[in-house]
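Summary of structural features
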Amino acid sequence: MKKNFFFIFLLLGFQFTFAQSFTASVDKNPVAENERFEVSFTFEGSDINSIRNFTPPSFQNFRILGGPNQSTSMQIINGAVSASRTFSYILLPNSVGVFTIGSASIEFKGQVLKTEPLKITVVKGSPKPKEEEVAGVSESEIAKNLFIKASVDKNRAYIGEQLTVTYKLYTRLNIAALMSISKLPQYNGFWAEELETSRTLSFTTEVIDGKRYSVAVLKKAALFPTQVGKLEVTPFELTVPIEIPKKRNPNNIWDSFFDDPFRRGDIYQYNAKSNIVKIDVLPLPEENKPASFKGAVGKFDFSATIDKSKTKTNEPITLKLNISGVGNLSLLQPPDFELPAGFEKYEPKTNDQINRLNKIGGVKTVEYLLIPRISGTREIKPILFSYFDPDVKRYIELKSNPFYITIEQGDSAGSYYIAQKEGIKQLGTDIRFIKTNFQDIKRREELLISKPVFWIATGLPLIAFIGLIGWKRKQDKLSGNIQLLKYQRAEKIAKSKFKKALKFLEAGNSEAYYSEIAQAFFGYLEDKLHIPKSEFTLDKAHSLLIEKGIDTQLADRMKAAGEKCEFIRFAPNAGASTAMKEFYDELLNIVIDIEKGLDK
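Read on for an overview of the structure. (Residues numbered from 1 in each chain as written. Predicted model: local features only at pLDDT ≥ 70, side-chain atom pairs only at ≥ 80, totals over all residues. Heavy atoms only, no water.)

1. What to know about the sheet that holds strand S2 (residues 31-32)
Filter applied, for reference: Strand pairing requires that DSSP identify at least two bridges connecting the strands. Going along the chain from the N terminus, every DSSP run of H or I of four or more residues is numbered as a helix, and every run of E of two or more is numbered as a strand.
Ordered in space as S2-S10-S7, the 3 strands form an open sheet in which the pairing is mixed. Of all strands in the sheet, those bounded by a partner on one side alone are S2 and strand S7 (97-101). Taken together, the 2 bridges between S2 and strand S10 (residues 118-123) define a ladder with parallel strand orientation. The partner of valine 31 across the bridge, within S10, is valine 122.

Written out as structure tokens, the structure is:
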């Protein structure tokens, strides 16, 4: 009773305030390569109930085995009250070296407090124990009850042929909280495109070797080989917080009553890793390969149309090419075609409508703007498009009809001709009287050449002409260098897609929003860093940004945001408009910061 009265007395007001602090510490440093250690972030002050929003560092180069765990303590010294709250993690180093654990942050009464970074030295230690045990359960025992299986629909494929890799989570354990991606698979030698799956994990049941597992599809991707040989897809790794009940007491008859070897107990961050997938990629046959073949593999239809067959000189004609079907549509190059003399062709406008269900397919539309300059009848010869069908193992060539275009002389072209003498008519109002009295005319004392307006009027056309030549040369240079063209337009295209994504967000179409924003972000990096779509990985983009002098923290932000793009569908609150807008701002700011960094 006395203790309770004393405690209430302290809470009601007899408090001395302490200056708050927020510090980081580890229980050991240096640590061995295979040795666990604990890192703690401790807030100390008189009012620990006012702390909010603890944000841990990224723990890059370490593996989280447990945490965050919270503990609170209170001290009373000479009537003064102090308290602390500690957030701790159990970590395991990934490799030997000196690594930095960044700052953790916390909010206290509107003020953000941050810890100092910690340098951890990891030295070579004893060999890794064969079995790590958590709550009396070995990792191999966990692996038998929770694992990721990667499978492909075919192990042999032609170069450019789609194969689908599916990642499934099998578990007999309780998943305690949200999973996080540890490492994404690397599709080296493939052009990859994510296939649409459910945004939330939907579990079904499968029985393997007499054991019943809950199974959910984590991820599906369409892979198109871009090189011949034996290729591998690296494992997909997830950190899965699982709940491991403690081992039963064998002496307790009630514990041995049930078959399940686990019961409720500790939370453990288990690193689940999928198997490596191996693919044998075959070259396309050289026999009967048509000259018009440009790498299309799958099943396609092709058509070509023009919007009019009669026109006038200098009036544009639109030639539209449509390629539809199933296959590597995004990688397709439009077929070449010849234009008759007297036509000008402008850079085409390309639009892809991609279907990302089980098979990558859809429609690619390419529109050319053609300008006839000479009157007469012209022919555009049939346009050829060919592809390789892996099912029948042969090339198929499709051909459009020829186009005949009648071109009449346009009105604007009349100014190019010299008027004939008989075409000139003089009207009475055109005749002016000849002036014979010059008394009202005075010679100007100041020469026009001495006036600034003369030089301005003379110089401006010259400057404009030089500028026009420079602009034309730049456009010609860009047209001849696709990489440079993509580099120059990367930011503009990305901003356009970001605006489009924002419209989807405002319309509440979250699926289209995430698709568009991912295309904007990854497309920007591909164009800006000259990475072909088939070779793009976040690690490669990260390395190239560092090589180009981009700050490491910004490159890390880019990689984390890219991984978040992949991860977002696992988040249960992915549909929250606030989080979606914050994610939008985050990606847009990264693009802007990279632009600033590259311009330095």
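Still to come is the rest of the account.
2. Quick word on the packing of aromatic side chains
Threshold: Classification of ring pairs rests on two measures: the distance between centres of Phe, Tyr or Trp rings, Trp counted by its six-membered ring, which must be within 6.5 Å, and the angle between planes, read as stacked under 30 degrees, edge-to-face over 60 and tilted in between. Whether a residue is buried, partly exposed or exposed follows from its accessible area with a 1.4 Å probe, protein chains only, as a fraction of its type maximum: under 20%, in between, or over 50%, in that order.
Across all of its chains, the model carries 24 aromatic pairs by this definition. Their ring planes at 10 degrees and their centres at 5.1 Å tell us that phenylalanine 147 and tyrosine 170 sit as a pair that is stacked. Here phenylalanine 147 is found in strand S13 (residues 146-152), whereas its partner tyrosine 170 is found in strand S15 (residues 163-171), with 23 residues between them in sequence. For tyrosine 170, a relative accessible area of 4% puts it in the buried group. Here the aromatic rings of tyrosine 158 and phenylalanine 388 are separated by 5.1 Å at their centres, their planes lie at 70 degrees, and the arrangement is edge-to-face.

3. A few points about the side chain of glutamine 186
Filter applied, for reference: In what follows, a contact means two residues having at least one pair of non-hydrogen atoms within 4.5 Å.
As for its placement among the helices and strands, glutamine 186 is situated in the loop between strand S17 (180-183) and strand S18 (190-194). Not counting residues up to four positions away in its chain, the partners in contact with glutamine 186 are Glu232, Val233, Thr234, Thr537 and Asp539.

4. What about the sheet that holds strand S34 (residues 403-408)?
The cut-off we apply is this: The convention used is that axes are lines fitted to C-alpha atoms, helices contributing only their stretch in contact, and that angles between N-to-C directions extend from 0 to 180 degrees.
Read across the open sheet, the 3 strands follow the order S26-S34-S31; overall the sheet is mixed. Two strands in the sheet have a free side with no partner beyond their single neighbour: strand S26 (310-312) and strand S31 (376-380). Taken over all neighbouring pairs, the strand axes of this sheet differ in orientation by 30 degrees on average, direction set aside. By the bridge criterion, 3 bridges tie S26 to S34 in an arrangement that is parallel. Bridge pairing links lysine 310 to threonine 406 in S34.

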